[in-house]
Amino acid sequence: IPPPPETVLDHDDIARAIKRIASAIVEQTKGATSIALVGIREGGVPLANRIASEIQKNESVRVPIGTIEIALYRDDVGTRTPEVLGSSDIRFEVDGQDVVLVDDVVQTGRTVRAAIDSLLDYGRPRRIWLAALCDRGGRELPIAPDFVGLEVAVPTGGYLEVSLGGPKDRVVLVRPPFEYPG
């Protein structure tokens, strides 16, 4: 019998994490007047929108938002077929822009690498930052978020289930059926 899922972030925790991430972005980019946010499809898109809303609410700065689809840029694209292939939507000049890539969970770094490759098809940003709601560790590439809401230790075989959609916001840690002491 697998252990019951554990809520690691509830609605209020997520709201606070988004405020912290938005504040850190504003501080690090000296006012967020020269940045754009790009959500990695699927999980990063609602998070990017909420971060942008928080920045606009607190700083009166409207940050451009884009969406990036990475399915065809993954290093395993030949071994798996994407269930749903969305499209990228970037309606701002990428050349010379400071871009914050946004995703819900960062683990191996491979998704972020694919997002960077995809983003570079739109131009050459001045700088690319990375924001994530959760960092679960387990890097396979030397990529780490610059802005993160929570670091979560996830056991091998476990995963994080993220729901971003209003009052039912939550991040749940689903543990593997059997955990062996390391």
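Just above sits the structure.
Worth saying up front: this structure is predicted, and the values here are computed from it rather than measured.

Thresholds, definitions, all that
- Residues numbered from 1 in each chain as written.
- Predicted model: local features only at pLDDT ≥ 70, side-chain atom pairs only at ≥ 80, totals over all residues.
- Heavy atoms only, no water.
- Pairing = 2+ DSSP bridges.
- Helix = DSSP H or I, 4+ residues; strand = E, 2+ residues; numbered from the N terminus.
- Right-handed = clockwise from strand over helix to strand, strands pointing away.
- Phe/Tyr/Trp six-rings, centres within 6.5 Å; stacked < 30°, edge-to-face > 60°.
- Lys NZ or Arg CZ within 6 Å of the ring centre and 35° of its normal.
- Axes fitted to C-alpha atoms, helices over the stretch in contact; angles between N-to-C directions.
- Contact = heavy atoms within 4.5 Å.

## Brief notes about the pairing of strand E3 (residues 65–68)
Line of reasoning, step 1. Where strand E2 (residues 35–40) lies against E3, four bridges are found, and the strand directions are parallel. Residue pairing for E3: Val-38 is matched across the bridge by Gly-66.
Line of reasoning, step 2. Running through helix H2 (residues 44–59), the crossover from E2 to the neighbouring parallel element E3 is right-handed.

## Description of the packing of aromatic side chains
Aromatic ring pairs are reported here in terms of the distance separating the ring centres and the angle at which the planes meet.
Line of reasoning, step 1. Summed over all chains, the structure comprises one aromatic pair.
Line of reasoning, step 2. When the ring centre of Trp-129 is taken as reference, the NZ or CZ atom of Arg-127 above it lies at 3.6 Å.

## Thoughts on the sheet that holds strand E5 (residues 127–135)
Line of reasoning, step 1. Taken together, the five strands give an open sheet; going across it, the order is E3-E2-E4-E5-E6, and neighbouring strands pair in parallel fashion. Across the chains shown, the open sheet's two edge strands, defined by having one partner strand only, are E3 and strand E6 (147–151). Geometrically, the sheet is characterised by an average inter-axis angle of 25° between neighbouring strands, direction not taken into account.
Line of reasoning, step 2. Looking at chain direction, E2 and strand E4 (residues 98–106) are connected through five bridges and run parallel. Within E4, the residue paired with Gly-39 across the bridge is Val-102.
Line of reasoning, step 3. Its contacts with the sheet place helix H3 (residues 110–120) against E2, E3, E4 and E5, and it is angled at close to 150° to E4.

## Section: the sheet that holds strand E1 (residues 6–9)
Line of reasoning, step 1. Across the sheet, which stays open at both edges, the three strands sit in the order E1-E8-E7 with antiparallel pairing between neighbours. Strand pairing shows two members of the sheet lacking a second neighbour, E1 and strand E7 (159–163), which therefore form its edges. If you compare each strand with its neighbour and ignore which way they point, the axes differ by 30° on average.
Line of reasoning, step 2. As defined by bridge partners, E1 adjoins strand E8 (residues 170–174) across three bridges and the pair is classed as antiparallel. Its bridge partner lying in E8, Leu-9 is registered against Val-171.
Line of reasoning, step 3. Most of the contacts of helix H1 (residues 11–28) go to E1, to which it runs at about 30°, and overall it touches E1, E7 and E8.

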